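Secondary and tertiary structure notes
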Amino acid sequence: GPRPARGPRPQETARAAARLALEKKAEGVQILDLSGLSSVCDYFVLASARSETQVRAIADRIEEGLSEKGVRVWHREGYAGRRWILLDFVDIVVHVFHQETREFYMLERLWGDAPVETIDE
């Protein structure tokens, strides 16, 4: 169906997703602010993992943790390959990459004009 309307406080949701990724030892966790650049969503959250198992664990933790806050995933893809899982929460889209896949796609460069916030501990 059509994309649902955006909800309140997407930046908070993005930061919550970033913290959940860190709980599963994600690396290179970044938030890209697309609010001035994209009509699709407000924020991208990017996270890298060293193995396919970890890609899955990070994605599952983010989905579960945001769901506890009442933020439900609208669309997900990539579970079959586990090299790049995309979770679409409408306001924010989370990309969990296998490290090599992230280097290949270079989303940060694609959205080079977006302000970036790096999240660590």
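What about the overall build of the chain?
Along its length, the chain carries four helices and six strands. Mapped in sequence order, the helices and strands of the chain form the string α-β-β-α-β-β-β-α-α-β. When the backbone C-alpha atoms are referred to their principal axes, the chain occupies close to 35 × 30 × 30 Å. Here the chain, with 121 residues, has 45% of them falling under the buried criterion. Split by element, the accessible area of the chain, about 6,600 Å² in all, is 49% carbon and sulfur. Both charge centroids of the chain, one from 17 positive and one from 20 negative side chains, sit 3 Å from each other.

Let's talk about the sheet that holds strand E6 (residues 116–118)
The sheet built from six strands is open, its strands ordered E3-E4-E5-E2-E1-E6 with mixed pairing. Each of the sheet's edge strands pairs with one partner strand only, and the pair in question is strand E3 (75–77) and E6. Sheet twist, expressed as the average angle between the axes of neighbouring strands with direction ignored, equals 15 degrees. As paired strands, strand E2 (residues 43–49) and strand E5 (residues 92–98) are joined by seven bridges and run parallel to one another. Its bridge partner lying in E5, Tyr-43 is registered against Ile-92. Against the sheet, helix H1 (residues 10–23) contacts strand E1 (27–33), E2, E5 and E6, and its axis sits at roughly 5 degrees relative to E2.

Remarks on helix H2 (residues 52–68)
If you check H2, its first and last C-alpha atoms are 25 Å apart, about what 17 residues at 1.5 Å a residue would give, namely 24 Å. Buried residues of H2: Gln-54, Val-55, Ile-58, Ala-59, Arg-61, Ile-62, Glu-63, Gly-65 and Leu-66, and no others. Looking at the buried residues of H2, the elements they touch are H1, E2, E3, strand E4 (84–88) and E5. At the exit of H2 stands Gly-70, carrying a positive phi of roughly 85 degrees.

Comments concerning the pairing of E1
The pairing of E1 with E2 spans five bridges and is antiparallel. By the bridge assignment for E2, Leu-32 is matched with Phe-44. Two strands pair when backbone bridges link them, and E1 and E6 are joined in this way by three bridges, in the antiparallel orientation. Looking at E6, one finds that Gln-30 is bridged to Thr-118.

Considerations on the pattern of salt bridges
Close approach of charged atoms lets side chains of opposite charge pair. This structure, assessed with the given rule, holds ten salt bridges. With a closest N to O distance of 2.9 Å, Asp-88 and Arg-3 form a salt bridge. Linking Asp-88 in strand E4 with Arg-3 in the segment before H1, this pair joins segments that are 85 residues apart in sequence. Between Glu-63 and Arg-76 there is a salt bridge; the shortest N-O distance is 2.3 Å. With Glu-63 in helix H2 and Arg-76 in strand E3, the pair connects residues that are 13 residues apart, well separated along the chain. The exposure class assigned to Glu-63 is buried, which follows from its relative accessible area of 18%. Since its relative accessible area comes to 41%, Arg-76 is described here as partly exposed.

Calculation rules
- Residues numbered from 1 in each chain as written.
- Predicted model: local features only at pLDDT ≥ 70, side-chain atom pairs only at ≥ 80, totals over all residues.
- Heavy atoms only, no water.
- Helix = DSSP H or I, 4+ residues; strand = E, 2+ residues; numbered from the N terminus.
- Buried < 20%, exposed > 50% of the residue type's maximum accessible area, 1.4 Å probe, protein only.
- Areas by Shrake-Rupley, 256 points an atom, 1.4 Å probe, with all protein chains shown as cover.
- Lys, Arg positive; Asp, Glu negative; His and termini not counted.
- Charge placed at Lys NZ, Arg CZ, Asp CG, Glu CD.
- Pairing = 2+ DSSP bridges.
- Axes fitted to C-alpha atoms, helices over the stretch in contact; angles between N-to-C directions.
- Contact = heavy atoms within 4.5 Å.
- Expected span 1.5 Å × (residues − 1).
- Salt bridge = Lys/Arg side-chain N within 4 Å of Asp/Glu carboxyl O.

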